[in-house]
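Single-letter residue listing:
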Amino acid sequence: MKKTIPLLIVILGGLIFVAWAFSPHYLIQEVFYNQFYLPWIYAASGFAMFLGVISLSMMHSNKIKRRAPKWQYSYLFFAGFIVTALAGFIGGTQKGSVLMWMFENMQMPMSATMFSLLAFYMASAAYKAFRARSPEATVLLVAAIVVMLAQVPLGVRISRHMPAISQWILDVPNLASKRGIALGVGLGSVATSLKILLGIERSYLGGGD
Amino acid sequence: MPIAQEIVREAHYSVGRPDTYDRNNVFYLTNVQFAYVAGVNGIMIRERMATNFFMGFFAAEALLMTETGNAVGAVQIAGTDAVTQIPFFITTCQYTLIGEELYAASAYLNREPMLLGNLKAQDYFKFLITSIVLLGAILATFEITGLTLLLPEK
């Protein structure tokens, strides 16, 4: 029983969304999706976030209790969480509020910093990938050099055919392999969805009866 | 969250090590992409991870996490259906499951007849789709477009 009801919910929910994806009928598109599902999901997402906050708080409070390695950082989580929540609850979330100031001047620059690190990580990954240790790696190296040169004026100066060769590499061998992977991914995701819908894959229900 | 915790608990029980399961190890971090990367990278560096598994869909965060894993010397195994991230995983991880291999991993590991049958069905479908693509290409070359029109893009 502990497994049957969740399994039925999953199967029923899955079948409804299969109908939503394939049927343009008013009942499923408008009545179910727009009038029923979307308002419910907006309401439920708040509770999901609440569960997440509880989970994170429990993890950090346990770390502090157990004096786990680097437990002092957990106080920073609580400090950040309380200050941000108070700023939102007291000052509101409109433009010009403390919360928006914190978002624009703290969170955005920190996210941008993380994103900009990607450029350096890409250079390091490219160095590893382009070391010509085998014939395949050499082909990769040559293809990458051609594609990169074609993006800059220097490439056209070297050869006026460079952009055309680069486009051919992107449109033919590159796209063929991407489509091959996409085909496999499509079939794999359909098979996995069917396994869940038909109750073959049940690991998410846990091991109890 | 409870589903994720159940899956991990089930894995610990199935290998006979229920004592090693701690539900606090499965926790929510954040839904902001780069804040998540910062959190995961911090955990990797502080805890000196021995092994990292990256399974599922990834975007720009993939390389940031795998390079950090590389820097701490972790053994890394990745699997993704995100075509744009596969090159980064191949470069920075020891083993990479490419595309559909991600879905085949469970069948490969536990060898259950039902799951293996599923894989075989996928292969048959792949053969069928490739045959239709080839046939369509040949027919279209000779300007016979009946099959192409029968299978519209949208």
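Residues numbered from 1 in each chain as written. Chains lettered and ligands numbered in written order. Predicted model: local features only at pLDDT ≥ 70, side-chain atom pairs only at ≥ 80, totals over all residues. Heavy atoms only, no water.

Draft legend 1. Inspection of the sheet that holds strand β3 (residues 95-98) of chain B at higher detail. Residues and elements named next belong to chain B. With parallel pairing, 3 strands are arranged side by side in an open sheet as β1-β2-β3. Edge positions in the sheet fall to β1 (51-55) and β3, since each of these pairs with one other strand and no more. In this sheet, adjacent strand axes meet at a mean angle of 5 degrees when their direction is disregarded. Alignment of strand β2 (residues 75-80) against β3, held across 4 bridges, turns out to be parallel. Within β3, the residue paired with A78 across the bridge is T96. Sheet strands touched by helix α5 (residues 101-110): β1, β2 and β3. Its angle to β3, the strand with the most contacts, is close to 110 degrees. (Pairing = 2+ DSSP bridges. Helix = DSSP H or I, 4+ residues; strand = E, 2+ residues; numbered from the N terminus. Axes fitted to C-alpha atoms, helices over the stretch in contact; angles between N-to-C directions. Contact = heavy atoms within 4.5 Å.)

Draft legend 2. Representation of the domain arrangement of chain B. Residues and elements named next belong to chain B. Taken domain by domain, chain B consists of domain 1 (31-110) and domain 2 (111-154). A C-alpha centroid distance of 31 Å is found between domain 1 and domain 2. The partner domain 2 presents 6 residues to the 7 residues of domain 1 that form the contact. Of the roughly 620 Å² buried between domain 1 and domain 2 on both sides combined, carbon and sulfur atoms contribute 48%. Note that E100 and K126 form a salt bridge whose closest N and O atoms lie 2.3 Å from each other. There are 1 residue pair in polar contact (both at pLDDT 80 or more) connecting domain 1 and domain 2. A class-by-class count of the residues in the side of domain 1 that touches domain 2 yields 4 nonpolar, 2 polar and 1 charged. (Domains from an automatic or database assignment. Buried area = accessible area lost by both parts, 1.4 Å probe. Salt bridge = Lys/Arg side-chain N within 4 Å of Asp/Glu carboxyl O. Polar contact = N/O pair within 3.5 Å; in protein donor to acceptor, adjacent residues only side chain to side chain. Nonpolar A, V, L, I, M, F, W, Y, C, P; charged D, E, K, R; others polar.)

Draft legend 3. Up close: the pattern of salt bridges. Under the definition given, this model contains 5 salt bridges over all chains. The closest approach of N and O atoms between E104 of chain A and K95 of chain A, which form a salt bridge, is 4.0 Å. Here K95 of chain A falls in the exposed class, since its relative accessible area comes to 73%. Within this structure, E100, D123 and K126 of chain B form a network of salt bridges that share partners. (Buried < 20%, exposed > 50% of the residue type's maximum accessible area, 1.4 Å probe, protein only.)

Draft legend 4. Here's a closer look at the layout of surface pockets. Counted as a void, the second largest pocket has a volume near 1,300 Å³. Considering the residues around the second largest pocket, the lining is formed by 32 residues, among which F130, L140, A144 and N174 of chain A together with P87 of chain B are closest to the centre. Of all the elements in the fold, those that place two or more residues in the lining of the second largest pocket are α4 (98-129), α5 (135-150) and α7 (162-197) of chain A together with α4 (86-92) of chain B. Its residues placed into classes, the lining of the second largest pocket shows 23 nonpolar, 4 polar and 5 charged. (1 Å grid on protein atoms, 1.4 Å probe; cavity = no way out; pocket = protein on both sides within 12 Å on 5 of 7 lines; lining within 4 Å. Points joined across faces, edges and corners; volume = space filled by probe spheres on them.)

Draft legend 5. Seen up close, the pairing of β2 of chain B. Residue and element names in this part refer to chain B. As judged from the 5 bridges shared by β1 and β2, these two strands associate in the parallel manner. From the neighbouring strand, F53 faces β2, where its bridge partner is I77. As a crossover connection, the stretch from β1 through helix α3 (residues 61-71) into β2 is right-handed. For the crossover from β2 across α4 to β3, the handedness is right-handed. (Right-handed = clockwise from strand over helix to strand, strands pointing away.)

Draft legend 6. Spatial organisation of the domain arrangement of chain A. Residue and element names in this part refer to chain A. Each assigned domain of chain A is listed with its residue range as follows: domain 1 (1-68), domain 2 (72-119) and domain 3 (130-203). The gap between the C-alpha centroids of domain 1 and domain 2 is 27 Å. Domain 1 puts 7 residues into the contact, and the matching count from domain 2 is 5 residues. Of the roughly 570 Å² buried between domain 1 and domain 2, counting both surfaces, carbon and sulfur atoms make up 78%. Across the contact surface, domain 1 and domain 2 share 1 residue pair in polar contact (both at pLDDT 80 or more).

Draft legend 7. Up close: the side chain of N62 of chain A. You can see N62 of chain A is positioned in helix α2 (residues 26-66). Owing to a relative accessible area of 17%, N62 of chain A belongs among the buried residues under this scheme.

Draft legend 8. Spatial organisation of a nonpolar patch on the surface. Residue and element names in this part refer to chain A. Where nonpolar side chains cluster on the molecular surface, the patch consists of F81, I82, L86, F89 and I90 and spans about 580 Å² of accessible area. Within the secondary structure, F81 is located in helix α3 (residues 73-91). In this structure F81 comes out as partly exposed when scored by relative accessible area, which is 35%. (Patch = residues over 30% accessible without salt bridge, like charges linked within 9 Å, V, L, I, M, F, W, Y side chains within 5 Å. Areas by Shrake-Rupley, 256 points an atom, 1.4 Å probe, with all protein chains shown as cover.)

Draft legend 9. Fine view of the packing of α2 of chain A against α3 of chain A. All names here are of chain A. Where α2 meets α3, the axes come as close as 9 Å, and the angle between the chain directions of the two elements is 145 degrees. For the pair α2 and α3, the sense of crossing is left-handed. Only S74, Y75, F77, F78 and F81 of α3 make contact with α2, whose side of the interface consists of V53, L56, S57, H60, S61, K63 and I64. Taken together, the residues of the contact of α2 with α3 sort by class into 7 nonpolar, 4 polar and 1 charged. (Left-handed = near helix turned anticlockwise from the far one by under 90°.)

Draft legend 10. Fine view of the interface of chain A and chain B. Counting from both sides, the interface comprises 41 residues of chain A and, opposite them, 44 residues of chain B. Carbon and sulfur atoms make up 71% of the area that chain A and chain B hide from each other, which totals about 3,600 Å². Joining chain A to chain B, the criterion identifies 3 residue pairs in polar contact (both at pLDDT 80 or more). Secondary-structure elements contributing two or more residues to the side of chain A that touches chain B are α2, α4 and α7 of chain A. At 12 residues, α4 of chain A tops the list of elements feeding residues into the side of chain A that touches chain B. Broken down by class, the residue content of the side of chain A that touches chain B amounts to 22 nonpolar, 14 polar and 5 charged.

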